[in-house]
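# A closer look at the structure
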Amino acid sequence: MSDLPEKPTIDGLEAKWRAHWEAEGTYKFDRTKSRAEVFSIDTPPPTVSGQLHPGHVFSYTHTDLIARYQRMRGKEVFYPMGWDDNGLNVERRVQLLTGTIVDPTLPYDPNFVRPEKVDPKARSIAISRPNFIELCEEVVPEFEAAYHDLWANMGLSVDWDHTYTTIGAKAVRTSQRGFLRLARRDLAYRSESPTLWDVDMKTSVAQAELTDKELPGAYHKLVFTGPDGSPLLIDTTRPELLPACVAVVAHPDDERFQPLFGQHAITPLFGASVPIVAHELADPEKGTGIAMICTFGDTTDVTWWRELSLPVRAIVQRDGRLRPITWGEAGWETTNAPGAQAAYDELTGKNVKQAQKRIVELLTETSLLDGEIRPITHSVKFWENGTRPLEIVTSQQWFIRYPDKGEMLARGQELAWWPDFMRVRLENWVNGLVGDWNITRQRFFGVPFPVWYPIDDNGITDFLSPILATEDVLPLDPTAAVPPRYAEDQRNQPGGFAADPDVMDTWATSSLSPQIVCGWEDDPDLFARTFPMDMRPQAHEIIRTWLFSTIVRSHYEHDSLPWANAAISGFIVDPDRKKLSKSAGNADDPVALIEQYGADALRYWSANGRPGMDMVFDEGQMKIGRRLAIKILNASKFVLGIRAAGDGAQVTEPVDRSMLVGLASLVDEATAAFDRFDYARALERTEGHFWAFCDDYLELVKNRAYSEAPEAESAKVALHLALDTLLKLFAPVLPYVTEEVWSWWQNGSIHRSAWPDAAALRSAAVGGDAQVLDLASEVLREVRRAKSEAKVSMRSKVLEAVVTDTAERIDLASACGSDLVQAGVIDELRFSPGESFSVAVTLAPVGA
RNA sequence: GGGCGCGUAGCUCAGUUGGCUAGAGCGCUGCCCUUACAAGGCAGAUGUCGGGGGUUCGAGUCCCUCCGCGCCCACCA
């Protein structure tokens, strides 16, 4: 306890209480509690590669609101924090920040030092893979520190002893163990197949990481030769893929092409004979109604290729350039090998854009392009942070088999969603899934596959017979460790072994976040106390990725949901309803916002965002939050400035009881709202109640409370009960200001105190009627209105006030007559029975 | 093209199973130094509840339909 301050302020509360909570271990998880006593939270590990922005404050605050509420409800809250520091985005940011690029062929350079200054226009420095990983390990903690600092200042009540990184040993071990278990059950498998490929980052990309972008393109009408030698016109936006054409396709019902099915067409320039086939996906309305199938121009090509059992003629390499081809060899049959070769040699080594330009010239020169090129706008698949369209290349990848769709949908039903309609996002996603989950990334800073491959005596690596590591040696880097029964000198030798060169997709690790934080296999005691978890808070935009994949992993590993509740938050939009982003120049720095308004004010703004709803970035709300925090300080100072009631004092006055009864209803309402994860409603009701408490109840009873009258005791008890209750209701939203006030009159932390008990309030106010305070407030409002309209001070005297109302209501209102007299500065207050409510106010003459 | 959400005061939003004259805050207007707070207080004005139709004694709320916005998914020759 400390003395009441002369002039309370909210400035500096963050630093003061952050340090205090840290020192006291206020939010430390007590792992002796049983599962039933624990509330465990699967905190989203933020991608540390991003810029800090107010969206982070928004959604992470929502989780903390629930954590603080549950803690006050008596739960032992398990609230860990993670940093997502592996994955493509992190590598990309480190590359940009340090001006480097990986060249895996380079040897490790022990003398490499991070460049001091990076000129964004300068050419990137090529470094080795191990050097790059070291660089990531050096830079990433700087990112993490910025997040930690922000979270701590925002008052997130996480237990920092339970912090993990998605590239840390614990996460790597868990990811590798999870992978090995699936591989041994044949639920993870390796296969060669067409894969969406980012030619800049030179890696495959998962379905979940795709985004569509509208790009200009153009239809080119190519002149194929039909079976009877007549021209067959085919529209394409990808003429450069003509050499990769393996068939042409039309709709089975399309009468124009039905006679041609089963026959062959000859491709222009390359003279390849390709079958004319039928498939429902071919759209008679598009282009000329007949399309060329290339390996591979888009995902429809992949579908056709797979379902029609077509051969592969791949020309685009992993760097996005066309590879050399010898026409006339097996797989590249042509009626005109020299001509095909001459044309193709013009394209070899070019990227797809350059190749398109050149092939259009070649087609034009030979009159194989019919009519004009017609520009269109079409959407093209990109990696969500990529700069060039994805290509499709064939490569070796690890896949996780998806469970049966029905099983996944049943898990979605079993999960409690807040708000409920978000479940549909998962169902849409599950119903639209195509193929299995590609978890391989041809990258560097990630979780390696704990796998090697045997090399036969001829030096050929057998990628389809992986040697799995045993679980006892995890975490493991196969490029450093040696598989059982092999020696290091057999690495990459005939008769020896080769390490899997790839790393796991970031979601392959993130999908195990419950297993990582709860200590799956590593700490069975902790696991038993925390898993399955209570709550997964997350944004709706990653339902298809994080939420979905976590359900899949838990389904396989534990045959259960990973958590009981999914609390989905919206995101922040600017006033034009566009998603707020740094690149758009409309995001403010949250650190500066805390400085300006205070963490409580930012939390207040966040807490106004209802679950699942997007919210407009609005500094006005932060100002209101700041004002509320200051008001709490001042009102509390006033209440606590009144001498405490004597021992055994009771609440006896009807208006005091009335106030407490109303407060009990508020507690019921706030509790029910929090139980539905609706912190916004809880705050709205509490806030409204608090302002009315200040404006009306405090004004009504302040004179009595300060007096020596016996009735003062009742007011004092009621005021302290009310302050205690209101502070606690505000505590989850405004942890700093409520803790500050708590410290003026109580020991310990308000955040470890018990949530208010409505029943206790009702028993302190037995016989109370909520109407009494309402009526008194109405009378007071009429008196104020009279003074306001007369443009006189609120302290000016009322000669007479006559309250007319029904007998029953007069009975209630007259019970607080003396409080009304003092609050309204009324000489004579009378009550008169009548039909309806009115107050006749006679003011003292001006100057009297 | 399919799905989900949203549309209420100038702005941001409440309005729960249909039920008194549709609410709050901000902003706006006027007033008040009032001893917790002038970084404050008191009071006031402000609506075709997106449009149309229907069910009902009664619709912001339920049904149909149209319009607009956002997001997710699909398509992408």
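This one's a predicted model, so the numbers in the text were calculated from it and none came from an experiment. (Residues numbered from 1 in each chain as written. Chains lettered and ligands numbered in written order. Predicted model: local features only at pLDDT ≥ 70, side-chain atom pairs only at ≥ 80, totals over all residues. Heavy atoms only, no water.)

Here we come to the overall build of chain A. Scanning chain A from terminus to terminus reveals 25 helices and 30 strands. Along the first, second and third principal axes, the C-alpha atoms of chain A reach 115 × 65 × 55 Å. Carbon together with sulfur atoms contributes 50% to the accessible area of chain A, which is approximately 35,800 Å² in total. For chain A, the distance from the average position of its 87 positive side-chain charges to the average position of its 122 negative side-chain charges is 3 Å. (Helix = DSSP H or I, 4+ residues; strand = E, 2+ residues; numbered from the N terminus. Areas by Shrake-Rupley, 256 points an atom, 1.4 Å probe, with all protein chains shown as cover. Lys, Arg positive; Asp, Glu negative; His and termini not counted. Charge placed at Lys NZ, Arg CZ, Asp CG, Glu CD.)

Of all residues adjacent to RNA strand B, which total 54 residues, the nearest are Asp235, Ala291, Ser379, Arg544 and Arg785. Counting only the atoms of RNA strand B within 4 Å of the protein, the fraction contributed by sugar and phosphate is 68%. Here a phosphate oxygen of RNA strand B and a side-chain polar atom of Asp298 are 3.0 Å apart. One of the side-chain N or O atoms of Thr300 is found 2.5 Å from a phosphate oxygen in RNA strand B. Looking at the surface near RNA strand B, the elements with two or more residues in it are strand E9 (210–225), strand E10 (231–236), strand E15 (374–383), helix H10 (423–431), helix H17 (619–641), helix H19 (679–706) and helix H23 (770–789). Across the surface near RNA strand B, the residue classes tally to 17 nonpolar, ten polar and 27 charged. (Near = heavy atom within 4 Å. Polar contact = N/O pair within 3.5 Å; in protein donor to acceptor, adjacent residues only side chain to side chain. Nonpolar A, V, L, I, M, F, W, Y, C, P; charged D, E, K, R; others polar.)

Now for the sheet that holds strand E29 (residues 826–833). Two pairing modes exist for strands in a sheet, parallel and antiparallel, and in both the strands are linked by backbone hydrogen bonds. In space, the three strands of this open sheet follow the order E29-E28-E30, with mixed pairing throughout. Two strands close off the open sheet at either side, each with one partner strand: E29 and strand E30 (838–843). Strand after strand, the sheet turns through a mean of 15° between neighbouring axes, direction not considered. Bridge count between strand E28 (residues 798–805) and E30: six bridges; the pairing is antiparallel. Pairing of Glu800 across the sheet is with Thr842, part of E30. Along the sheet, helix H25 (residues 817–824) makes contact with E28 and E29, crossing E29 at roughly 135°. (Pairing = 2+ DSSP bridges. Axes fitted to C-alpha atoms, helices over the stretch in contact; angles between N-to-C directions. Contact = heavy atoms within 4.5 Å.)

In terms of nonpolar packing, the biggest core is built from 130 residues, with Trp151, Ile632, Met659, Phe690, Phe693 and Leu719 touching the most fellow members. Ignoring any residue separated from it by four or fewer positions in sequence, one finds Leu719 in contact with Val639, Ile642, Phe693, Tyr697, Leu698, Val701 and Ala705. Ranked by size, the runner-up nonpolar core spans 59 residues in total, among them Tyr402, Met422, Trp452 and Tyr453. (Core = buried A, V, L, I, M, F, W, Y, C linked by side-chain atoms within 4.5 Å. Buried < 20%, exposed > 50% of the residue type's maximum accessible area, 1.4 Å probe, protein only.)

Turning next to the pairing of strand E14 (residues 290–294). Along a regular strand, successive side chains alternate from one face of the sheet to the other. The buried fraction of E14 amounts to four of the five residues, a majority that puts the element mostly inside the structure. Relative to E14, strand E11 (residues 245–250) runs antiparallel, the two sharing five bridges. By the bridge assignment for E14, Ala247 is matched with Ile293.

Between H23 and H25, whose axes approach to 10 Å, the crossing angle comes to 25°. On the basis of their axis angle, the class for H23 and H25 is roughly parallel. Like other packed secondary-structure pairs, H23 and H25 cross with a definite hand, here right-handed. From H23, Ala776, Val779, Leu780, Val783 and Lys787 reach across to H25, where they touch Leu820, Ala823 and Gly824. The residue makeup of the contact of H23 with H25, split by class, is six nonpolar, one polar and one charged. (Parallel < 35°, antiparallel > 145°, perpendicular 65-115°, else oblique. Left-handed = near helix turned anticlockwise from the far one by under 90°.)

A few words now on empty space enclosed by the protein. Evaluation of the coordinates by the stated rule reveals four cavities of 30 Å³ or more. Approximately 70 Å³ is the volume found for the largest cavity. Considering the residues around the largest cavity, the lining is formed by Asn86, Gly87, Leu88, Glu91, Glu209, Arg441, Arg443, Phe445, Val503, Met504, Asp505 and Thr506. Those elements that provide at least two residues to the lining of the largest cavity are helix H3 (88–98) and strand E23 (503–504). Residues belonging to the lining of the largest cavity are distributed by class as follows: four nonpolar, three polar and five charged. Of the volumes computed, that of the second largest cavity is approximately 50 Å³. As for the second largest cavity, its lining consists of Ile632, Ala635, Ser636, Phe690, Phe693, Leu723, Leu726, Leu727 and Phe730. Within the residue set of the lining of the second largest cavity, elements represented by two or more residues are H17, H19 and helix H20 (711–730). For the lining of the second largest cavity, the element with the most residues is H20, which contributes four residues. Looking at side-chain class alone, the lining of the second largest cavity contains eight nonpolar, one polar and no charged residues. (1 Å grid on protein atoms, 1.4 Å probe; cavity = no way out; pocket = protein on both sides within 12 Å on 5 of 7 lines; lining within 4 Å. Points joined across faces, edges and corners; volume = space filled by probe spheres on them.)

Take the pattern of salt bridges next. Within this structure, the stated rule accounts for 56 salt bridges. Salt-bridge contacts for Glu391 lead to Arg238; the nearest nitrogen and oxygen are separated by 3.0 Å. Here Glu391 is found in strand E16 (residues 391–400), whereas its partner Arg238 is found in the loop between E10 and E11, with 153 residues between them in sequence. By relative accessible area, which is 5% here, Glu391 ends up buried. For Arg529, the salt bridge identified is with Asp525, shortest N-O distance 3.0 Å. Of this pair, Arg529 and Asp525 both sit in helix H13 (residues 524–530), four residues apart, which is roughly one turn of the helix. Overall, Asp525 belongs to the partly exposed group, its relative accessible area being 35%. Via salt bridges that share partners, Arg173, Arg177, Arg181, Glu471, Glu521 and Asp522 belong to a single interconnected network. (Salt bridge = Lys/Arg side-chain N within 4 Å of Asp/Glu carboxyl O.)

In the segment running from Thr295 into Phe296, the intervening peptide bond is cis, with an omega of -5°. A cis amide bond, omega -10°, links Phe531 with the succeeding residue Pro532. At Arg485, a position not held by glycine, the phi torsion is positive, near 70°. Relative to the helices and strands, Arg485 resides in the loop between strand E21 (467–468) and strand E22 (497–499). By relative accessible area, which is 82% here, Arg485 ends up exposed.

A full pass over the atoms with the stated rule returns 33 aromatic pairs. Ring centres of Tyr189 and Phe399 lie 5.6 Å apart, and the angle between their planes is 20°; on these two criteria the pair is classed as stacked. Remark: Phe399 occurs in strand E16 and Tyr189 occurs in strand E7 (residues 188–198); sequence separation between them is 210 residues. The pair formed by Tyr189 and Phe399 is uniform in burial state, with each residue classed as buried. (Phe/Tyr/Trp six-rings, centres within 6.5 Å; stacked < 30°, edge-to-face > 60°.)

For the rest of this paragraph, the subject is the side chain of His56. In this structure, His56 sits in helix H2 (residues 54–72). Beyond its immediate chain neighbours, meaning those up to four positions away, His56 contacts Gln51, Tyr147 and Trp151.

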